[in-house]
Amino acid sequence: MNISYALTAIMMKISRVMGIPVLLAAAAALAAPQGRGGQAPSPASQRPPRSTTPQTYAPELISAGQVRFASQCGFCHGRDAAGGETGPDLTRSALVAEDVRGDRVGPVVRSGRQEKGMPAFDVSESDLAAMVAFIHDQKTQMESLGGNRRSVDAADLRTGNADAGRRYFEGAGNCSKCHSASGDLAGIAARFQGLPLLQRMLYPTSGRPAPQPAKVRVTLPSGETVAGSLVSQDEFVITMTDGSGMRRSWNVADVKFSVDDPLQGHFDLLGKYTDADMHNVYAYLETLR
């Protein structure tokens, strides 16, 4: 098994034991293609366009711009201007590459791009100048990097075989026991593309509200049974919240227990997926539009 899969499986286990959501930054490593033949490299592996007019800014202006950018733009473009939930990576932007001290960035900030979901912002000249300084500083840093692989492009993931993925989905992966291409997964590739689709496949709660906790039933040495919601479980201790809301724990060696978790199948597969399995299933899910 690929080491990256083992590490991800460990991350998933830690997240469930401690109740901490994992954003699957490691999925970017898992997604690396296993050979692209003669295909052109994806945009994510390309260097960003060079700034047509190199610019330098005072450190204090960059620092001020970092604060303002994070508060006003970071939600969409990422706190480092390298892309976020909905906004593109500004360090790769052709517009930023051609900008000279805000002459191109400024009009976009103030007018917005409604067709792309970007609202107009009413910012002062000083705030705009500071944000422009920060954006250009981030771009300059990115231009100086070597390999410069920043993210995973959707094209990076298209290395699998959809027919093989369907066979795995319906066979060895046992996915069809809980999911249906014409039911809950119908149109999933129209709702998620690229890395978000892979994340939902590997870790289905990614980007969602916390799911209902798994149910657990513990049988004590006396024969008494206690049922409730699972809080955590590891090799030594199992903890639940019982029907009265009380948190209770037992050494796993001292009790018998069963856990009913609809998501367990996903976690079990993390330790079984081969590179080919993962890319093939992803290719199959991409056909469900």
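The structure we're discussing is the one just above.
Residues numbered from 1 in each chain as written. Predicted model: local features only at pLDDT ≥ 70, side-chain atom pairs only at ≥ 80, totals over all residues. Heavy atoms only, no water.

### What to know about the overall build of the chain
Note the cut-off: A helix here means a DSSP run of H or I that spans at least four residues, while a strand means a run of E at least two residues long, and both kinds are numbered starting from the N terminus. Categorising residues by exposure relies on relative accessible area from a 1.4 Å probe, with only protein chains included: less than 20% of the type maximum marks a residue as buried, more than 50% marks it as exposed, and the intermediate range marks it as partly exposed. Between two residues, a contact is recorded if the distance between any of their heavy atoms is within 4.5 Å. The accessible surface values rely on the Shrake-Rupley method and a 1.4 Å probe; as for residues, cover is taken only from the protein chains in view.
In terms of helices and strands, the chain carries 13 helices and 5 strands. Counting over 289 residues, the chain shows a buried share of 41%. Within the chain, contacts between residues at least 6 apart in sequence are counted, and of these 63% link residues at least 24 apart. Carbon and sulfur atoms make up 55% of the accessible area of the chain, which amounts to about 16,000 Å² in all.

### Some details on the pairing of strand 1 (residues 215-219)
Regular strands place their side chains on alternate faces of the sheet. Short version of the rule: In this scheme, strands are said to pair when DSSP sees at least two bridges between them.
Burial along strand 1 is one-sided: Val216 and Val218 are buried, and none of Lys215, Arg217 and Thr219, which face the opposite way, are. Where strand 1 lies against strand 2 (residues 225-233), 5 bridges are found, and the strand directions are antiparallel. Within strand 2, the position partnered with arginine 217 by the bridge is alanine 227. Remark: 5 residues form the turn of the hairpin made by strand 1 and strand 2, two consecutive strands paired antiparallel; glycine 223 in that turn has positive phi of roughly 100°. Of the pairings in the sheet, the one linking strand 1 to strand 5 (residues 256-260) comprises 5 bridges and is antiparallel in character. The residue bridging lysine 215 from the neighbouring strand is aspartate 260, located in strand 5.

### A word on unusual backbone geometry
Positioned with a positive phi, alanine 81 is a non-glycine residue whose angle comes to about 70°. Phi angles above zero are rare outside glycine, and asparagine 174 is one such case at about 60°. Structurally, asparagine 174 is set in the loop between helix 9 (162-170) and helix 10 (188-191).

### Observations concerning the pattern of salt bridges
This is how the line gets drawn: When a carboxyl oxygen of Asp or Glu is within 4 Å of a side-chain nitrogen of Lys or Arg, the pair counts as a salt bridge.
Applying the stated criterion across every chain, the model contains 8 salt bridges. Across the salt bridge formed by glutamate 98 and arginine 104, the nearest N and O atoms sit 3.5 Å from each other. Glutamate 98 gets classed as partly exposed once you look at its relative accessible area, which sits at 38%. Using a relative accessible area of 41% as the deciding quantity, one classes arginine 104 as partly exposed. Here aspartate 242 and arginine 248 are joined by a salt bridge, their closest N and O atoms 3.9 Å apart.

### Quick word on the packing of helix 3 (residues 59-72) against helix 7 (residues 125-143)
The test is simple: As a rule, the C-alpha atoms of each element are fitted with a line to give its axis, helices using only the stretch in contact, and angles between N-to-C directions run from 0 to 180 degrees. Any angle between 65 and 115 degrees counts as roughly perpendicular, while under 35 counts as roughly parallel, over 145 as roughly antiparallel, and the rest as oblique. In this classification, Asp, Glu, Lys and Arg are treated as charged, Ala, Val, Leu, Ile, Met, Phe, Trp, Tyr, Cys and Pro as nonpolar, and every other residue, Gly included, as polar.
Contact geometry of helix 3 with helix 7 gives a least axis separation of 7 Å together with a crossing angle of 95°. In terms of orientation, helix 3 and helix 7 fall into the roughly perpendicular class. Residues Leu61, Ile62, Ala64, Gly65, Gln66, Arg68, Phe69 and Gln72 of helix 3 form the contact with helix 7, whose own contacting residues are Asp127, Ala129, Ala130, Met131, Ala133, Phe134, Ile135 and Asp137. In the contact of helix 3 with helix 7, the residues fall into 10 nonpolar, 3 polar and 3 charged.

### Remarks on the sheet that holds strand 1
In spatial order, the strands read 4-3-2-1-5; together these 5 strands make up an open sheet with antiparallel pairing. Each edge of the open sheet carries a strand with a single partner, namely strand 4 (247-251) and strand 5. Between one strand axis and the next, the sheet turns by 40° as a mean value, whatever way the strands run. One ladder, built from 5 bridges, connects strand 2 with strand 3 (residues 237-242); its direction is antiparallel. Residue pairing for strand 3: serine 232 is matched across the bridge by threonine 239.

### A few points about the environment of isoleucine 62
Mapped onto the elements of the fold, isoleucine 62 is located in helix 3. Sequence-wise, isoleucine 62 and alanine 129 are 67 residues apart; in three dimensions their C-alpha atoms are separated by 9.2 Å. Apart from the residues lying within four places of it in its own chain, the contact partners of isoleucine 62 are Tyr57, Ala133, Phe134 and Asp137.

All we've got here are geometric facts, nothing functional implied.
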